[in-house]
Amino acid sequence: MQVIPGLVIERMREEDIAQVQAIEREIFLTPWPKNAYHRELSQNRQASYIVLRREGEIVGYGGLWKVGDEAHVTTIGVRAVDQHHGLGRALFAALVQRAYVLGARWITLEVRNSNDHAIRLYEAFGFKVIGRRRGYYTDNGEDAIIMWSDSIHAPAFKRNFVQMLGSVDVSGLNGTPLPDYPQS
Ligand SMILES: CC(C)(COP(=O)(O)OP(=O)(O)OC[C@H]1O[C@@H](n2cnc3c(N)ncnc32)[C@H](O)[C@@H]1OP(=O)(O)O)[C@@H](O)C(=O)NCCC(=O)NCCS
C-alpha cells in the first residue's frame, strides 16, 4: 500500500473554491468560468464535488454528476507539483466510491485525446474508450475521447476497484462512504 501521510478526502465547500480555482488555473488550458463552482455547489442537486487535502491544504479535487443510472465525471485535477504520486488515483477512487453510494450503474467521462496520463489512470480502473467527439475542445480544436466503465457492479470491475482502493491510504476512503453526504 502506498501510504501518503495526512491525506483526507472531504466534500468541497464554498470556502474551498478559491484554492480549487488556483489549482485549476495552473493545470487546465481553459479553467471553468468564475462562478461555475459556486453554482455547482449551491444549485446543482445532481453534483458531488470533493477535495483531497494533505495536512489541511488542498492538493486536488474532483466532481461528478449523477444523472439517472449514470455518473458523469465532470472534472479531476491534482496540483502540478504533486502529480504522478498516486493522488489522482486516490481522488478517482473517491469519485468511483461516490458513484456507488449514489446508486449509479455506470460511470462515463470525456478526456482530451492527448491526455495520456489521465487516460492511463482511467484505464487502470477498468475504463474503456467507447467513442470520440471530434473538435470537442474549442480552445485548441482537440478531440474528446469518451470513456466508460461498463457496469460498476460487474464482479471484474468491483474486484479491480477494491484493489485500487487498497493501494491508497486516505481518510474518508477505504470502504466507508464520504462523510457529510446523504447515503442516496
Ligand atoms: C490526470 C491527473 C488528475 C492524474 O493525477 P496524478 O496524481 O498525476 O496521477 P497518479 O499518480 O495517481 O496516477 C496516474 C498514473 O499512475 C498510473 N496508475 C495508477 N494506479 C495504477 C495501477 N494500480 N495500476 C497501473 N497503473 C496505475 C496511471 O496509469 C498513471 O500512470 P503514469 O504516471 O505512467 O502516467 C493529474 O495528472 C492532473 O491533474 N492533470 C491535469 C488535469 C487533467 O488533465 N485532468 C483530467 C481531465 S479528464
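Worth saying up front: this structure is predicted, and the values here are computed from it rather than measured.

A. Spotlight on the overall build of the chain. Within the chain, the secondary structure is distributed over 5 helices and 7 strands. Order of helices (α) and strands (β) in the chain, N terminus to C terminus: β-α-α-β-β-β-α-β-α-β-β-α. Here the C-alpha atoms of the chain give a radius of gyration of 15 Å, agreeing with the 16 Å that 2.2 N^0.38 yields for 184 residues. Considering only C-alpha atoms, the chain reaches an extent of 40 × 35 × 30 Å along its principal axes. For the chain, the proportion of its 184 residues judged to be buried stands at 29%. Across the chain, contacts joining residues at least 24 apart in sequence account for 62% of those joining residues at least 6 apart.

B. Inspection of the sheet that holds strand S4 (residues 70-78) at higher detail. With mixed pairing, the 7 strands of this open sheet are ordered in space as S1-S2-S3-S4-S5-S7-S6. Pairing within the sheet leaves two strands with one partner each, and these edge strands are strand S1 (7-11) and strand S6 (128-137). Here the strands of the sheet are splayed against their neighbours by 25° on average, with no regard to which way each runs. Pairing of S4 with strand S5 (residues 106-112), which is carried by 3 bridges, proceeds in the parallel orientation.

C. Up close: the site of the ligand. For the ligand, the set of nearby residues contains 21 residues, the closest of which are Gln-83, Gly-88, Arg-89, Ala-118 and Arg-120. At the level of secondary structure, the elements contributing two or more residues to the shell around the ligand comprise S4, helix H3 (87-101) and helix H4 (116-124). Counting residues per element, the shell around the ligand draws most heavily on H4, at 5 residues.

D. Seen up close, the nonpolar core. Leu-52, Tyr-61, Ala-90, Leu-91, Phe-92, Ala-94 and Leu-95 are the most contacted members of the largest nonpolar core, which has 40 residues in total. At 9 residues, the largest contribution of residues to this core is made by H3. Not counting the four nearest positions on each side in its chain, Leu-95 is found in contact with Gly-62, Leu-64, Val-73 and Ile-76.

About the criteria used
Residues numbered from 1 in each chain as written. Predicted model: local features only at pLDDT ≥ 70, side-chain atom pairs only at ≥ 80, totals over all residues. Helix = DSSP H or I, 4+ residues; strand = E, 2+ residues; numbered from the N terminus. Rg over C-alpha atoms; globule rule 2.2 N^0.38 Å. Buried ≥ 20, exposed ≤ 12 C-beta atoms within 10 Å, placed from the backbone. Contact = placed C-beta atoms within 7 Å. Pairing = 2+ DSSP bridges. Axes fitted to C-alpha atoms, helices over the stretch in contact; angles between N-to-C directions. Near = placed C-beta within 6 Å. Core = buried A, V, L, I, M, F, W, Y, C linked by C-beta atoms within 7 Å.

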